[in-house]
Number of protein chains: 2
Amino acid sequence: MDYYSSQISNLISELARLPGIGTKSAQRLAFHIINMPREQVEKLSSAMVSARNNIHYCKECCTLTDDDICPICASAKRDHRTIMVVENARDLAAYEKTGKYEGVYHVLHGAISPMLGIGPADIRLKELLLRLQKDVDEVIIATNSSLEGEATAMYISKLVKPTGIRVTRIASGVPVGGDLEYIDEVTLLRALDGRIEL
Amino acid sequence: MDYYSSQISNLISELARLPGIGTKSAQRLAFHIINMPREQVEKLSSAMVSARNNIHYCKECCTLTDDDICPICASAKRDHRTIMVVENARDLAAYEKTGKYEGVYHVLHGAISPMLGIGPADIRLKELLLRLQKDVDEVIIATNSSLEGEATAMYISKLVKPTGIRVTRIASGVPVGGDLEYIDEVTLLRALDGRIEL
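Figured I'd write up the structure that's included with this text. (Residues numbered from 1 in each chain as written. Chains lettered and ligands numbered in written order. Predicted model: local features only at pLDDT ≥ 70, side-chain atom pairs only at ≥ 80, totals over all residues. Heavy atoms only, no water.)

**Looking at the overall build of chain A**
Inference 1: Regarding its fold elements, chain A presents eight helices and six strands.
Inference 2: Of the regular secondary structure in chain A, the N- to C-terminal order runs α-α-α-β-β-α-β-α-β-α-β-α-β-α.
Inference 3: Over its C-alpha trace chain A gives a radius of gyration of 22 Å, far above what one expects of a compact globule, namely 16 Å for 198 residues.
Inference 4: Principal axes of the C-alpha set define a box for chain A whose edges measure 65 × 45 × 35 Å.
Inference 5: Out of the 198 residues belonging to chain A, those deemed buried represent 42%.
Inference 6: Taking the contacts inside chain A whose residues are at least 6 apart along the sequence as the reference set, 46% of them involve residues at least 24 apart.
Inference 7: Surface summary for chain A: the accessible area is close to 11,100 Å², and the carbon and sulfur share equals 54%.
Inference 8: In chain A, 23 positive and 26 negative side-chain charges are present, and the distance between their average locations comes to 3 Å. (Helix = DSSP H or I, 4+ residues; strand = E, 2+ residues; numbered from the N terminus. Rg over C-alpha atoms; globule rule 2.2 N^0.38 Å. Buried < 20%, exposed > 50% of the residue type's maximum accessible area, 1.4 Å probe, protein only. Contact = heavy atoms within 4.5 Å. Areas by Shrake-Rupley, 256 points an atom, 1.4 Å probe, with all protein chains shown as cover. Lys, Arg positive; Asp, Glu negative; His and termini not counted. Charge placed at Lys NZ, Arg CZ, Asp CG, Glu CD.)

**Quick word on helix H2 (residues 23–35) of chain A**
Inference 1: For H2 of chain A, spanning 13 residues, the distance from its first C-alpha to its last is 18 Å, which sits close to the expected 18 Å at 1.5 Å a residue.
Inference 2: Buried residues along H2 of chain A sit in contact with helix H1 (6–15) and helix H3 (38–54) of chain A together with helix H3 (38–54), strand E2 (64–65) and helix H5 (89–98) of chain B. (Expected span 1.5 Å × (residues − 1).)

**Here we look at the relation of the copies chain B and chain A**
Inference 1: Aligned on chain A, chain B shows an RMSD of 0.1 Å; the corresponding rotation is 180 degrees and the shift along the axis is 0.0 Å. With respect to symmetry, the two chain copies, as superposed, fit the operation of a two-fold axis. Minimal C-alpha separation from the rotation axis in chain B is found for Ser45 of chain B, amounting to 2.4 Å.
Inference 2: Of all interface residues in chain B, 100% are interface residues in chain A too; the two copies therefore contact each other through one and the same surface. (Least-squares fit on C-alpha atoms with pLDDT ≥ 70 in both.)

**Section: the nonpolar core**
For soluble globular proteins, the rule of thumb is that nonpolar side chains tend to be buried together.
Inference 1: Judged by nonpolar contacts, the single largest core of 48 residues is most densely connected at Leu15 of chain A together with Leu15 of chain B.
Inference 2: Contributions of two or more residues to this core are made by H1, H2, H3 and helix H5 (89–98) of chain A together with helix H1 (6–16), helix H2 (23–35), H3 and H5 of chain B. (Core = buried A, V, L, I, M, F, W, Y, C linked by side-chain atoms within 4.5 Å.)

**Quick look at the environment of Ile123 of chain B**
Residue and element names in this part refer to chain B.
Inference 1: One can find Ile123 in the loop between strand E4 (103–107) and helix H6 (125–131).
Inference 2: You can call Ile123 buried: its relative accessible area is 4%.
Inference 3: In this structure the C-alpha to C-alpha distance between Ile123 and Arg190, which are 67 residues apart in sequence, comes to 27 Å.

**Some points on the environment of Glu42 of chain B**
Inference 1: With respect to the helices, strands and loops of the structure, Glu42 of chain B is situated in helix H3.
Inference 2: Residue class for Glu42 of chain B comes out partly exposed when judged on its relative accessible area of 37%.
Inference 3: The residues contacting Glu42 of chain B, other than those within four sequence positions of it, are Val49 and Asn53 of chain A.

And the structure:
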């Protein structure tokens, strides 16, 4: 990219290392950044560095936070006897957006995947088991409905069952508003198996 | 976004201000940045700030550069008597990638657009006219083939013609490899009007 000056090509190549940003988008972003007000560039840049340096895992649920304990775990309004296990902080945010879940979470930061060499020790499972030594009524497994998510769900349920704590799995089936015609067979069969009495 | 800690939501909202990055992508990027090696975050962040602070217009052709004069204007190998006028630095890069153009450039940083309130004084036209006082053989207008690009081309040609310097416009027509069936009517008519003898 020697038709750009070195600082521009440096910025383009740093931006192009981000996920989902190809060379074209990186170029567009770079030229946008060069034309942005100086303070805004500095705000963006320091937001990155300070988030990277100050964010760590919540000591309780392992979600990303800048406090010792995340706001959800610290809240007295939440039901601390119900733990929903999710793969990552974005999945936690997805359930928080519903505004209806009143329990707390546990963030695994991944799912078991023999293909990618990710074993039970590589995700935050030990931390979950430690939490189960306190008073817990139910563990709701909300890992993704992918191969890895299902394998992780199975693994966790086998670990938790002997403790006598109730273990549940969020339902999988046809999404609300989904048209059966466009839904894959595995989901259709899953929805059939999971049918409920009306 | 109070289901994320303040530093994460701050990073997400700063990222979401970039063009083409919605809330979902900003979330994905933010979590990626938090998990990136610290040095890489610092490299990206300082690349932004230093590009923003050190990049300015080339004194000759107005492209973005960190030198006084950009490498193309400074090169003795280029034909300084042929000036290609482009709307922005990305268009310059597009022609440089062909590796065949040997002249120099002039970057307007925009196009005349009465709709957006961009007049001739808002783009780098004065700088172009100043350059024409030196020895120039030809001005090739390579603004985009959009309404604004065409209006700008017309405007420039009217300014340059009285000086006696040759003014040309890059051809517009069917793109190489383009299937006529999928090409809009305006382009088809333009290609017909611009037909050349074989």
